[in-house]
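Single-letter residue listing:
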Amino acid sequence: QVQLVESGGGLVQAGGSLTLSCAASGSISSINAMGWYRQAPGKPRDLVASITSGDTTNYADAVKGRFSISRGNAKNTVYLQMNSLKPEDTAVYYCYADVPTYRFFSQRYWGQGTQVTVSS
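Criteria and thresholds
Residues numbered from 1 in each chain as written. Predicted model: local features only at pLDDT ≥ 70, side-chain atom pairs only at ≥ 80, totals over all residues. Heavy atoms only, no water. Pairing = 2+ DSSP bridges. Helix = DSSP H or I, 4+ residues; strand = E, 2+ residues; numbered from the N terminus. Axes fitted to C-alpha atoms, helices over the stretch in contact; angles between N-to-C directions. Core = buried A, V, L, I, M, F, W, Y, C linked by side-chain atoms within 4.5 Å. Buried < 20%, exposed > 50% of the residue type's maximum accessible area, 1.4 Å probe, protein only. Contact = heavy atoms within 4.5 Å. Disulfide = S-S within 2.5 Å. Phe/Tyr/Trp six-rings, centres within 6.5 Å; stacked < 30°, edge-to-face > 60°. Lys NZ or Arg CZ within 6 Å of the ring centre and 35° of its normal. 1 Å grid on protein atoms, 1.4 Å probe; cavity = no way out; pocket = protein on both sides within 12 Å on 5 of 7 lines; lining within 4 Å. Points joined across faces, edges and corners; volume = space filled by probe spheres on them.

Peer 1: Which parts of the structure should I look at to understand the sheet that holds strand 3 (residues 18-26)?
Peer 2: Picture the strands of a sheet paired through backbone hydrogen bonds; they go either parallel or antiparallel. If you trace the 4 strands from one edge of the open sheet to the other, you get 1-3-8-7, paired in antiparallel fashion. For this open sheet the edge positions go to strand 1 (2-7) and strand 7 (67-71), each flanked by a neighbour on one side alone. Neighbour-to-neighbour, the strand axes of the sheet open up by a mean angle of 15°, direction not taken into account. Taken together, the 6 bridges between strand 3 and strand 8 (residues 77-82) define a ladder with antiparallel strand orientation. Bridge pairing in strand 8 links Ala 23 to Thr 77.

Encoded structure:
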């Protein structure tokens, strides 16, 4: 079983910064991609950023230039540095990890979510 534990959410004023962390533990030999989604009330869960095991990154247009995703040296931790935060960034942020299962298949695991609130 794989567990993902997130931390770093909170309340911040517009223009401020926050860093989210997510650590994976459990029966893990390797992890492919990791990343973050977010979900605001009444809206679907959308991809924010992702990073592969080779450190290739991808960002949603809404956060390009403001957010930065990275992985720890052990590759089982993912960070999301969020700068120049806007009220529209307010959401619950969920991290995920794609763990290889068989051949080219993987299973996605999710964290419990962490609230980010940006006040205007």
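Peer 1: What's the story with the nonpolar core in this structure? I'm lost.
Peer 2: Soluble globular proteins: nonpolar side chains tend toward being buried together. Trp 36, Leu 80, Met 82 and Tyr 93 are the most contacted members of the largest nonpolar core, which totals 29 residues. Looking at this core, the elements that each hand over two or more residues are strand 1, strand 3, strand 4 (34-39), strand 5 (46-51), strand 7, strand 8, strand 9 (91-100) and strand 11 (114-119). Those residues in contact with Leu 80, other than ones at most four positions away along the chain, are Leu 18, Thr 19, Leu 20, Trp 36, Val 48, Ala 49, Phe 67, Ser 68, Ile 69 and Tyr 93.

Peer 1: Quick question: what am I supposed to make of the state of the cysteines here?
Peer 2: Disulfides are covalent bonds that link the sulfur atoms of two cysteine residues. As enumerated under the stated definition, the model contains 1 disulfide in all. With its sulfur 1.9 Å from that of its partner, Cys 22 forms a disulfide with Cys 95. One quick way to see it: the torsion about the S-S bond of Cys 22 and Cys 95 is about 45°, and its sign makes the bridge right-handed. One end of the pair, Cys 22, is in strand 3; the other, Cys 95, is in strand 9, and 73 residues separate them in sequence. Considered together, Cys 22 and Cys 95 belong to a single accessibility category, that of buried residues.

Peer 1: Even after reading the chapter, I still don't get the packing of aromatic side chains, so can you show me in this structure?
Peer 2: The relative placement of two aromatic rings is captured by the distance of their centres and the angle of their planes. Under the defined criterion, the tally for this structure stands at 3 aromatic pairs. Ring centres of Tyr 37 and Tyr 96 lie 5.6 Å apart, and the angle between their planes is 65°; this geometry places the pair in the edge-to-face category. One end of the pair, Tyr 37, is in strand 4; the other, Tyr 96, is in strand 9, and 59 residues separate them in sequence. Judged by its relative accessible area of 18%, Tyr 37 falls in the buried class. Taking the relative accessible area as the measure of exposure, Tyr 96 reaches 4% and is therefore buried. The rings of Tyr 37, Tyr 96 and Trp 110 are connected pair by pair, giving a single aromatic cluster. One residue, Arg 45, lies across the ring of Tyr 94, its end atom 3.6 Å from the ring centre. One Lys or Arg, Arg 108, reaches over the ring of Tyr 96 and ends 3.9 Å from the middle of that ring.

Peer 1: Sorry, what's going on with the layout of surface pockets here?
Peer 2: Space left empty within the atom packing is revealed by a probe, the size of a water molecule, rolled over the atoms. Counted as a void, the largest pocket has a volume near 190 Å³. Looking at the largest pocket, it is lined by 14 residues, and the ones nearest its centre are Arg 38, Ala 40, Lys 43, Asp 46 and Glu 88. Broken down by secondary-structure element, the contributors of at least two residues to the lining of the largest pocket are strand 4 and strand 5. Counting residues per element, the lining of the largest pocket draws most heavily on strand 5, which supplies 3 residues.

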